[in-house]
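# Descriptive structure summary
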Amino acid sequence: DVHIGEGTELISHVCLLPGTRIGRRCTVYPSAVLGGNPQDHKFRGEKSLLVIGDHNIIREGVTMHRAVGEGMATRISNDNMFMAYSHVGHNCEIGDNNTIASYVGLSGHVTVEDNTVFGGMVGVHQFCRIGKLAMLGGVSKVNQDVPPFMLADGVPARVIELNVIGLRRSGVPPASRTTLRQAYKLLYRSELNLSQAIARIEDELEMTEDLEYLITFLR
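Residues numbered from 1 in each chain as written. Predicted model: local features only at pLDDT ≥ 70, side-chain atom pairs only at ≥ 80, totals over all residues. Heavy atoms only, no water.

Moving on, we get to the overall build of the chain. In terms of regular secondary structure, the chain is built from four helices and 23 strands. Relative to the globule expectation of 17 Å for 219 residues, the C-alpha radius of gyration of the chain, 18 Å, shows essentially globular dimensions. Overall, the C-alpha framework of the chain stretches about 55 × 35 × 30 Å when taken along its three principal axes. Per-residue burial over the chain gives 47% buried out of 219 residues. For the chain, restricting intrachain contacts to residue pairs at least 6 apart in sequence, the fraction spanning at least 24 positions comes to 29%. Split by element, the accessible area of the chain, about 10,700 Å² in all, is 50% carbon and sulfur. (Helix = DSSP H or I, 4+ residues; strand = E, 2+ residues; numbered from the N terminus. Rg over C-alpha atoms; globule rule 2.2 N^0.38 Å. Buried < 20%, exposed > 50% of the residue type's maximum accessible area, 1.4 Å probe, protein only. Contact = heavy atoms within 4.5 Å. Areas by Shrake-Rupley, 256 points an atom, 1.4 Å probe, with all protein chains shown as cover.)

The topology assignment puts asparagine 91 in the loop between strand 12 (87–88) and strand 13 (93–94). Among the polar contacts listed, one links the side chain of asparagine 91 to the backbone nitrogen of valine 68, at a separation of 2.8 Å. A polar side-chain atom of asparagine 91 sits 2.9 Å from a polar atom in the side chain of histidine 90. Those residues in contact with asparagine 91 that sit more than four places away from it in its chain are Arg66, Ala67, Val68, Met72, Ala73, Thr74 and His109. (Polar contact = N/O pair within 3.5 Å; in protein donor to acceptor, adjacent residues only side chain to side chain.)

A few words now on unusual backbone geometry. Omega for the peptide link from valine 155 to proline 156 comes to -5°, which places this bond in the cis form. Along the polypeptide, proline 156 turns up in the loop between strand 22 (150–153) and strand 23 (158–162). Backbone geometry places phenylalanine 127, a non-glycine residue, at a positive phi of 70°. With respect to the element layout, phenylalanine 127 can be found in the loop between strand 18 (123–124) and strand 19 (129–130). Overall, phenylalanine 127 belongs to the exposed group, its relative accessible area being 56%.

To continue, consider helix 2 (residues 174–188). Here helix 2 contains 15 residues, and its C-alpha end-to-end distance of 21 Å stays within 8% of the 21 Å for a straight helix at 1.5 Å per residue. Taken residue by residue, helix 2 has Ser176, Arg177, Thr179, Leu180, Ala183, Tyr184, Leu186 and Leu187 as its buried positions. The inward-facing, buried residues of helix 2 abut strand 22, strand 23, helix 1 (164–169), helix 3 (194–204) and helix 4 (209–218). (Expected span 1.5 Å × (residues − 1).)

Overall, parallel pairing links the seven strands, which are arranged 1-4-7-10-13-16-19 in an open sheet. On the outer flanks of this sheet lie strand 1 (2–4) and strand 19, each paired with one strand and no other. Here strand 10 (residues 73–76) runs beside strand 13; their pairing, made up of two bridges, is parallel. Among the inter-strand pairings, arginine 75 is bridged to a residue of strand 13, identified as glutamate 93. (Pairing = 2+ DSSP bridges.)

Here we take up the pattern of salt bridges. What the rule picks out here adds up to eight salt bridges. Linking arginine 200 and glutamate 204 is a salt bridge whose minimum nitrogen-to-oxygen distance equals 2.3 Å. On the criterion of helical spacing, the pair formed by arginine 200 and glutamate 204 is a turn pair, its members being four residues apart in helix 3. Judged by relative accessible area, which is 34%, arginine 200 ranks as partly exposed. Residue classification places glutamate 204 among the partly exposed positions, given a relative accessible area of 47%. (Salt bridge = Lys/Arg side-chain N within 4 Å of Asp/Glu carboxyl O.)

This part is about the layout of surface pockets. Its boundaries defined by the atoms lining it, the largest pocket holds a volume of some 320 Å³. For the lining of the largest pocket, the secondary-structure elements that each account for two or more residues are strand 23, helix 2 and helix 4. Among the residues forming the lining of the largest pocket, the class breakdown is twelve nonpolar, three polar and three charged. The space that makes up the second largest pocket amounts to roughly 230 Å³. In terms of lining residues, the second largest pocket is bounded by 13 residues, among which Val117, Asn163, Ile165, Gly166 and Arg169 are the most central. With four residues, helix 1 is the single largest residue contributor to the lining of the second largest pocket. For the lining of the second largest pocket, a count of residues per class yields eight nonpolar, four polar and one charged. (1 Å grid on protein atoms, 1.4 Å probe; cavity = no way out; pocket = protein on both sides within 12 Å on 5 of 7 lines; lining within 4 Å. Points joined across faces, edges and corners; volume = space filled by probe spheres on them. Nonpolar A, V, L, I, M, F, W, Y, C, P; charged D, E, K, R; others polar.)

This is the structure in structure tokens:
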């Protein structure tokens, strides 16, 4: 019960377990274990899936687990890099173009959007969401959602800055970056609570597509 897409390369000593689906032109390095049983006490042997998209790089010793729940899936989209010994827990949802460094641990039900960067040895608590174009500093302990476009670091992780370099590299226009910086200051450098900050943002800042995305995530 394993499907492997055209052009995908299994270099050596790769373990693919039942319920694993791998897309096209992925590269899987030695000692990766994909589709293992979820590490969850609720798991009772039901049939579930690990679904991996196209053009993913999965380095040495990576582990990715199937979902808990009959017919449910852990899902990895396209063009991601998982560096050595990183782990994707059951029922995770991971988008496109993410870089997951070595020894990162994603607990069950974690959502990672697109174009994020994880430093080494980051641990993410179950059910947390990591917004698009966020960056997590190495050895961070993430136990709350990290909003889009933000740079978070520390134990526990806290938002410390706007991810300016990531925004620039992704082609976000200067005007939009300026608006996001103003929003960041209202959210994290004022004495306002979250609802008050959102109200100020909506009243005072020109609404861009990226800013609207940020507010929707926060809500």
